[in-house]
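One letter stands for each residue in the lines below.
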Amino acid sequence: AGQRTLDAPEGGEPGLLVREVVLNSPADAAGVREGDLLLSARDAGGVEHVLVHPSQWRKLEIDAAPGTKLAVVIDRAGVEFRTEIAVIARVHPPDRRPVERYREEKRVGVVVRTATEVEARRAGLGPGGGAVIVGLSRRSPWRAAGLRFGDLLVRAGGRPVTHPQVVLDAIREAGDTLEVTVVRDGKRREVRTRLTRREREITRVNLPPLLFYESDRGSAETSILLGLIRKKTTPAAWEWRFLWLFRIRGGDADRLEKVEE
């Protein structure tokens with residue numbers, strides 16, 4: 001089974017779905033079929049690896065010497081069985097996988113992408129493993145912790161980053177802090193970062209034409225008598241407006257969020 005034949009099922013549950021089995025390949029000889037789930041594999045050292053993301057299988061393939069047999073547990077329509085897949089040298093390099101981006105906005109404010117095969121292999125990961133930081137919000141706690149664009153996340157919350165989804169899951173499940181391992185300029189560093197908790201609740205009161213009030217994540221807007229008197233506030237600034245003409249502002253006006261009319 002080559003790189004183009006495996007996909008991870010949605011939800012991060014154990015098992016790699018076999019999309020296609022190449023004719024006369026080692027997987028074909030081992031009896032693997034389209035639609036099978038590869039649940040786990042034992043390497044030459046006898047270590048059992050639960051398979052969740054394709055990068056785990058690809059690392060096993062790459063690290064195993066040609067001729068090595070990987071003991072695999074397969075789920076076929078709810079029935080589990082074992083087989084052995086022999087590793088052979090590749091005749092052609094695997095196809096390049098397109099870059100995918102993932103965004104987290106609630107607790108960190110970060111955008112990550114999948115690592116290239118070169119980036120992943122340099123960090124000791126299988127192709128498809130790791131997550132490269134390509135975006136950080138201005139007030140992201142990861143900025144304050146010293147993380148920056150181009151850092152390659154290889155561990156998050158004590159788990160190896162076999163796919164960027166591991167990072168997002170670790171952020172969601174963590175308490176107030178999260179420990180990550182990043183690779184920068186070929187060197188690894190451990191970083192403990194703070195996480196934020198943003199309120200999701202939106203409060204809105206509308207009594208036309210007398211009163212309109214809305215509060216969302218610390219910002220609020222109040223409008224009385226169809227806008228004759230209006231007040232806007234954010235955690236950084238406030239603004240009063242009277243008769244659509246007179247404005248009084250305070251705080252950091254540059255950070256006052258714009259509200260569409």
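Bear in mind the structure is a predicted one, so any value in this text is a computation, not a measurement.

This paragraph deals with the overall build of the chain. When you go through the chain residue by residue, the secondary structure sums to 5 helices and 19 strands. The buried share among the 261 residues of the chain stands at 40%. For the chain, the computed accessible surface area is about 15700 Å², with 51% contributed by carbon and sulfur atoms.

What follows covers the side chain of Ser40. Tracing the backbone shows Ser40 in strand E3 (residues 37–42). Of the polar contacts made by the side chain of Ser40, one reaches the side chain of Glu48; its length is 2.8 Å.

In this section: the pattern of salt bridges. Applying the stated criterion across every chain, the model contains 14 salt bridges. We note a salt bridge from Arg121 to Asp63, for which the minimum N-O separation is 3.6 Å. Here the residue Arg121 occupies a position in helix H3 (residues 117–122), and Asp63 occupies one in helix H2 (residues 54–63), the gap between them amounting to 58 residues. One salt bridge in this structure joins Glu173 and Arg172, with 3.8 Å as the shortest N-O distance. When sorted by exposure, Glu173 lands in the same class as Arg172, which is exposed. One continuous salt-bridge network, built from bridges that share partners, spans Arg159, Asp169, Arg172 and Glu173.

Reading guide: rules and limits
- Residues numbered from 1 in each chain as written.
- Predicted model: local features only at pLDDT ≥ 70, side-chain atom pairs only at ≥ 80, totals over all residues.
- Heavy atoms only, no water.
- Helix = DSSP H or I, 4+ residues; strand = E, 2+ residues; numbered from the N terminus.
- Buried < 20%, exposed > 50% of the residue type's maximum accessible area, 1.4 Å probe, protein only.
- Areas by Shrake-Rupley, 256 points an atom, 1.4 Å probe, with all protein chains shown as cover.
- Polar contact = N/O pair within 3.5 Å; in protein donor to acceptor, adjacent residues only side chain to side chain.
- Salt bridge = Lys/Arg side-chain N within 4 Å of Asp/Glu carboxyl O.

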